[in-house]
Amino acid sequence: MTRTYSEHSQPLWRRLLLTRETAVIALLVAVVLYSLSNVPNFDGPLTLTFLLLDVAPILLIALPMTAVIVTGEIDLSVASVVGLSSVLVGVLHQDGMPIPLAAVVALLAGALCGAFNGFLVAYVGLPSLAVTIGTLALFRGLAVGLLGTTAVTDFTERWTDLAKQNIGDSGVPLIVLPILALVLVFVLLLQFSSFGRGVYDIGLNSEAAHFTGVNVERTKFLLFVLTGVVSAFAGIFYTLRFGSARGDNATGLELQVIAAVLLGGVSIFGGRGKIHGVIAGVLLIGVISSALRLEGVTVNVINIIIGLLLVASVMSTSLLSGIANATARWNRRAPSPQHASAVGAGTQGR
Amino acid sequence: MKFHSKRASAFAALGLSAALVLSACGGSDSASGSSDDGAMTVTFLPKNLGNPYFDTSDKGGKTAVAEFKGKFQEVGPQEASPDAQVQYINTAAQQGIKALVVSANDPKAIGDALNQARDAGTKVVTFDSDTEPQYRDLFVNQASAEGIAKSQVDLISEQIGDAGEVAVLSASANATNQNAWIDLMKKDLEANHPNIKLVDVVYGDDDDQTSFDKTAALLQSHPNLKGIISPTTVGIAAAARYLSDSDKKGKVALTGLGTPNQMREYVKNGTVTSFALWNPEDLGYLAAYAAKALVDGDIKGEEGDSFEAGKLGEYKVGPDNTVLLGDPFVFDAKNIDQFKF
Amino acid sequence: MSDTSMRPDKTESHPELERLIEPSRQTPLRRGLMTVVRSREFSILLVLLAVIAAATVKTPSFLFSSNSWRDLLLTPSILLLLAVGQAVVIITRNVDLSVGSILGLTAYLTGRLFIDVPGLPIIAVMVAGILVGVLLGLVNGVLVAFGKVPALVITLGTLYIYRGIVLTWAGSNRINADDMPAGFLRLGTKSLLSVPVLTVIALVVLVIVGYYLHTARGGREMYAIGSDPDAAVLYGLNVRRRLLFAFALSGGLAGLAGVVYAARYGTVSSGAGTGIELQAVAAVVIGGVAIFGGSGTVWGAALGAILLVTINRALPILGIPDFWQRAVVGALIISAIVLDRVLAARQARKLTEARDES
């Protein structure tokens with residue numbers, strides 16, 4: 001499904017408005033508006049706070065995951081890195097290390113995990129699906145192994161409050177600041193740097209990218225390391241927010257991240273996708289969950305909805321390209337009379 | 001090529017799914033109880049849903065709430081983990097629920113969320129499994145922890161002849177109540193039963209399949225095991241089911257805390273001789289009335305306060321803002337048919 | 001047209017080269033033996049036997065008490081069924097992440113059927129479970145075969161949808177053991193000639209699918225599709241039909257696994273089977289099926305499944321707390337993939353050498 005970009009055939013406003021990303025953003029706005037007026041307590045002050053706290057880890061990890069998927073790879077081990085970093089923070093804290101230092105260690109561990117993934121995928125050339133299924137088990141296993149099934153929960157209030165604090169008096173939690181910073185970094189990286197162009201090139205055709213001078217191996221390796229670090233950071237946040245370091249923390253998070261990324265318009269084939277769509281995808285799932293919970297609907301319904309949205313969004317692209325192909329074939333079937341005679345004349349001499 | 005119609009169609013497809021989704025959920029504009037108007041909402045938040053013990057206790061709560069004309073709600077996570085509970089506590093705070101009755105998966109982890117709810121005006125009553133005292137207004141305990149631990153140790157020791165290897169199959173590794181009981185059991189064993197050796201404590205996470213598999217693993221790794229104590233109704237039911245089909249039935253004693261309905265078959269077929277519990281329905285009932293007393297301002301939750309608990313009569317608040325239901329009760333083949341929970 | 005008389009007989013001293021370029025020189029027996037011994041499946045079998053031996057040395061009751069023997073054979077049966085189905089799907093270069101949710105749904109359905117329709121014969125309930133599984137698998141198959149969408153995404157979506165359906169249907173209800181007829185539960189522990197019935201079912205399925213993949217045309221075509229889907233289309237293979245069959249098989253086996261789960265555990269909650277899909281993929285990968293399709297056998301996948309489950313049991317006996325089990329599994333998967341790559345590279349190099357020498 002590669003798209004060739006010739007000169008822009010449409011005016012700017014059309015290109016800006018009629019994209020997959022805009023569709024998701026519009027959907028998000030629609031759901032928010034609906035919930036504000038129809039869901040009880042949705043317009044309360046706590047809603048935004050809890051929503052942002054809940055989606056923060058998913059949003060954080062979705063950013064590097066976008067880049068990874070754009071290059072045509074995938075990383076299923078992110079939730080396990082979250083768990084491992086959570087356990088490291090807990091264990092080190094229990095042994096008396098101050099939290100900031102423990103956090104640094106956790107970030108380094110995340111980088112190591114990412115490097116391990118990156119090495120196997122980029123330099124040894126193994127398929128990322130298989131590798132990250134393996135590291136999903138390996139890292140999670142290390143996390144659970146280090147702590148057993150107990151949890152470290154006696155974190156000092158100072159740090160757990162920090163994780164949940166709001167900015168001044170607004171209902172917006174502090175974690176939004178690092179998230180915004182990271183968003184900025186990734187937007188600059190992907191859209192405005194040559195590294196980012198390399199990322200998209202690899203996704204479209206990694207051999208061609210190689211020949212244009214993109215260091216495919218190093219790019220992929222760095223993306224996996226980045227994913228590991230960000231996942232570790234999300235793990236630190238998760239631990240402090242819930243005040244509980246457990247090996248089992250965030251189990252299943254990777255599927256939520258991938259679902260949100262795909263919903264946001266990133267193509268699983270690689271080469272296509274934008275950060276703003278992903279942010280909208282994450283928020284969409286978060287808002288729907290929040291609204292459903294306030295309505296008293298069992299949260300299980302959210303599973304069905306995410307699944308349906310996921311399937312619908314991927315099917316719609318494929319369906320439409322199928323329709324476009326069929327339409328093109330149909331348009332080609334009956335040449336106009338002048339064309340026919342020209343063709344006839346041209347083939348005379350054969 | 002019709003690019004724009006392709007994108008517009010993509011837009012339409014997503015919009016259509018959105019319309020379907022939105023019409024499917026919450027078509028009712030009930031918007032009921034944005035903040036309470038008259039009826040007091042009481043939300044029960046057990047350790048996890050799908051647990052027969054909590055089904056019974058919450059039923060008791062529901063009866064009580066109906067008696068004093070409140071509104072009853074039961075929410076809970078699928079797995080017995082503290083972070084899953086936090087989200088429900090958050091939702092309760094958002095909804096402005098007047099009373100939250102919760103059985104905690106961890107003594108500290110849900111504390112911050114509870115305090116946030118209390119700041120928003122919710123009264124927090126813990127039951128069955130406590131948090132640290134600063135996070136809740138009142139704790140309704142089924143029996144004293146010492147009494148529960150002693151009854152378990154007494155039962156197993158009389159069933160294995162006061163000598164041999166025993167193991168414990170617990171719930172989740174952080175559960176406040178089970179951990180308190182296990183600690184007291186260890187002390188009791190050390191002090192009073194020198195010939196009984198506790199060789200292992202395994203965690204079934206209050207999940208049936210896990211408890212089943214852990215029982216099998218216990219028997220496989222400790223061939224000389226004489227007895228298993230399972231102070232959780234999910235664990236003892238799963239262990240009993242495994243034992244009754246194995247060649248260790250009758251050779252390895254099993255006791256713990258179980259509900260009569262789940263254990264009846266195994267008491268009758270000889271897998272289990274006797275086990276203990278209290279009436280969880282009464283526990284939930286009492287907790288609901290305690291919550292009501294707090295919300296109405298009848299009591300502040302301090303020691304010495306007393307309140308009416310419907311058909312259970314009057315109850316006093318003890319030290320540590322705790323209310324005790326009563327003593328544990330021992331079930332065996334002779335009396336098990338009399339109980340239907 | 002053999003020109004062996006002219007070529008210097010380097011192959012005499014290099015049995016490997018000989019096997020690669022002129023296998024018919026060796027006796028069929030030797031060839032057969034070498035194939036088996038060098039196969040991935042054999043090495044997994046060796047590892048499995050080593051693990052069991054180590055555990056038995058430590059605690060003889062691991063193997064030698066009647067209960068343990070029964071458990072060793074019984075517990076892997078569920079994962080075995082899932083691994084067989086998953087292997088077929090992965091061979092066609094797809095993946096099926098929804099099997100865990102299908103298992104949960106059919107296990108719960110089994111219980112519900114027994115409760116709501118009393119008197120239904122056990123075999124009818126089993127068939128119903130399998131049929132529902134086939135149906136759910138076909139949904140995946142249709143979306144993948146006709147929608148041209150990657151199976152990873154589709155089955156991720158159906159994983160959510162099917163799990164959501166079970167959770168909503170079951171709510172907080174559980175199926176308890178006393179809700180099901182005793183005859184059905186006895187299936188969970190009854191043995192046929194000291195092999196548990198449920199294991200027999202799993203083994204029969206294994207043999208049938210293995211035979212199909214190895215000999216039937218449809219089976220061979222699966223491998224072709226996995227090796228090179230575009231070439232398969234150009235060659236005229238009915239790719240759609242094969243894909244539909246692969247997913248239907250995976251779903252049907254997951255359905256059967258759900259019925260087996262209900263018989264074995266007796267209690268079904270709405271969370272049954274959560275996470276087992278990744279274990280199934282792990283078992284298949286360890287068993288030698290390449291994640292890119294086109295190679296591997298269901299025998300390997302079955303051995304991988306048995307190995308995974310047995311390691312879980314053996315670890316605590318070997319003194320490793322079972323907390324570390326997941327790490328061990330992860331290490332196994334990574335080693336398996338790396339090993340595959342190393343062997344493939346070595347094979348390619350040897351073939352090039354052989355070609356250059358002849």
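Residues numbered from 1 in each chain as written. Chains lettered and ligands numbered in written order. Predicted model: local features only at pLDDT ≥ 70, side-chain atom pairs only at ≥ 80, totals over all residues.

**Things to note about the overall build of chain C**
So, step 1. Check the secondary structure of chain C and you find 17 helices and two strands.
So, step 2. Relative to a compact globule of 358 residues, whose C-alpha radius of gyration would be 21 Å, chain C shows 22 Å and is just as compact.
So, step 3. A buried classification covers 51% of the 358 residues belonging to chain C.
So, step 4. Sequence-distant contacts, at least 24 apart, represent 78% of the contacts inside chain C between residues at least 6 apart. (Helix = DSSP H or I, 4+ residues; strand = E, 2+ residues; numbered from the N terminus. Rg over C-alpha atoms; globule rule 2.2 N^0.38 Å. Buried ≥ 20, exposed ≤ 12 C-beta atoms within 10 Å, placed from the backbone. Contact = placed C-beta atoms within 7 Å.)

**Examining the interface of chain C and chain A**
So, step 1. With 38 residues of chain C in contact, the opposing surface of chain A contributes 37 residues.
So, step 2. Every element with two or more residues in the side of chain C that touches chain A is listed here: α8 (122–147), α9 (151–170), α15 (276–286) and α17 (325–357) of chain C.

**Things to note about the sheet that holds strand β8 (residues 225–230) of chain B**
All names here are of chain B.
So, step 1. On the basis of which strands lie adjacent, the open sheet formed by four strands has the order β7-β6-β8-β9 and parallel pairing. In this open sheet, the two edge strands, each paired with only one partner strand, are β7 (196–203) and β9 (253–256). The average undirected angle you get between the axes of adjacent strands in this sheet is 25°.
So, step 2. As judged from the four bridges shared by β8 and β9, these two strands associate in the parallel manner. Paired with Ile229 across the bridge in β9 is Thr255.
So, step 3. Strands in contact with helix α6 (residues 176–192) are β6 (164–170) and β7; relative to β7, the strand with the most contacts, it is inclined by about 165°.
So, step 4. The strands that helix α8 (residues 233–244) touches are β6, β8 and β9; relative to β9, the one it contacts most, it runs at about 165°. (Pairing = 2+ DSSP bridges. Axes fitted to C-alpha atoms, helices over the stretch in contact; angles between N-to-C directions.)

**Considerations on the pairing of strand β2 (residues 71–74) of chain B**
Residues and elements named next belong to chain B.
So, step 1. Pairing analysis gives four bridges linking strand β1 (residues 41–45) to β2, with the strands arranged parallel. Paired with Thr43 across the strands is Gln73, a residue of β2.
So, step 2. Handedness of the crossover is the feature at issue here: the chain leaves β1, passes through helix α2 (residues 52–67), returns alongside β2, and the resulting connection is right-handed. (Right-handed = clockwise from strand over helix to strand, strands pointing away.)

**Some words on the sheet that holds β1(B)**
All names here are of chain B.
So, step 1. Sheet architecture is open: six strands sit in the order β2-β1-β3-β4-β5-β13, paired in parallel fashion. Bordering the open sheet on either side are β2 and β13 (322–324), each of which pairs with just one other strand. Between one strand and the next, the sheet's axes are offset by a mean angle of 20°, whatever the strand orientation.
So, step 2. Across the sheet, helix α3 (residues 82–95) lies against β1 and β3 (99–102), angled at about 175° from β1, the strand it touches most.
So, step 3. Sheet strands touched by helix α10 (residues 280–296): β1, β3, β4 (123–127), β5 (138–141) and β13. Its angle to β4, the strand with the most contacts, is close to 160°.

**Details of the domain arrangement of chain B**
Residues and elements named next belong to chain B.
So, step 1. By domain assignment, chain B separates into domain 1 (41–142 + 280–326) and domain 2 (145–277).
So, step 2. Look at where the C-alpha atoms of domain 1 and domain 2 centre, and you get two points 28 Å apart.
So, step 3. The interface is formed by 14 residues belonging to domain 1 together with 12 residues belonging to domain 2.
So, step 4. Tallied by class, the residues present in the side of domain 1 that touches domain 2 amount to five nonpolar, five polar and four charged. (Domains from an automatic or database assignment. Nonpolar A, V, L, I, M, F, W, Y, C, P; charged D, E, K, R; others polar.)

**Re the pairing of β1(B)**
All names here are of chain B.
So, step 1. Burial analysis of β1 places five of its five residues in the buried class, which makes it a mostly covered element.
So, step 2. Burial along β1 is two-sided: the residues Thr41, Thr43 and Leu45 and Val42 and Phe44 are all buried.
So, step 3. Relative to β3, β1 is paired through four bridges, and the arrangement is parallel. The residue of β3 that forms the bridge with Phe44 is Val101.

**What to know about unusual backbone geometry**
So, step 1. At A:Asn41, a residue that is not glycine, the phi angle is positive and equals roughly 70°.
So, step 2. Within the chain, B:Lys69 stands out as a residue other than glycine whose phi angle is a positive 60°.
So, step 3. Along the chain, the position of B:Lys69 falls in the loop between α2 and β2.
So, step 4. Judged by the 9 C-beta atoms lying within 10 Å of it, B:Lys69 falls in the exposed class.

**Looking at the packing of helix α13 (residues 275–294) of chain A against helix α14 (residues 300–333) of chain A**
Residue and element names in this part refer to chain A.
So, step 1. Packing of α13 against α14 leaves a shortest axis separation of 10 Å and a crossing angle of 150°. Relative to α14, the element α13 lies roughly antiparallel. Both α13 and α14 take part in a crossing whose hand is right-handed. Across from Ile285, Ile288, Ser289 and Leu292 in α13, the residues of α14 making contact are Val301, Ile302, Ile305 and Ile306. (Parallel < 35°, antiparallel > 145°, perpendicular 65-115°, else oblique. Left-handed = near helix turned anticlockwise from the far one by under 90°.)

**Description of the nonpolar core**
So, step 1. Among the nonpolar cores identified, the biggest contains 323 residues, and B:Val101, B:Ala290, C:Ala83 and C:Val84 are the most heavily contacted of them.
So, step 2. Counting only domains with at least three residues in this core, you end up with domain 1 (41–142 + 280–326) and domain 2 (145–277) of chain B.
So, step 3. With residues up to four places along the chain from it excluded, the contact list for C:Ala83 reads C:Ala280, C:Ala283, C:Val284, C:Ala301, C:Ala302, C:Gly304 and C:Ala305. (Core = buried A, V, L, I, M, F, W, Y, C linked by C-beta atoms within 7 Å.)

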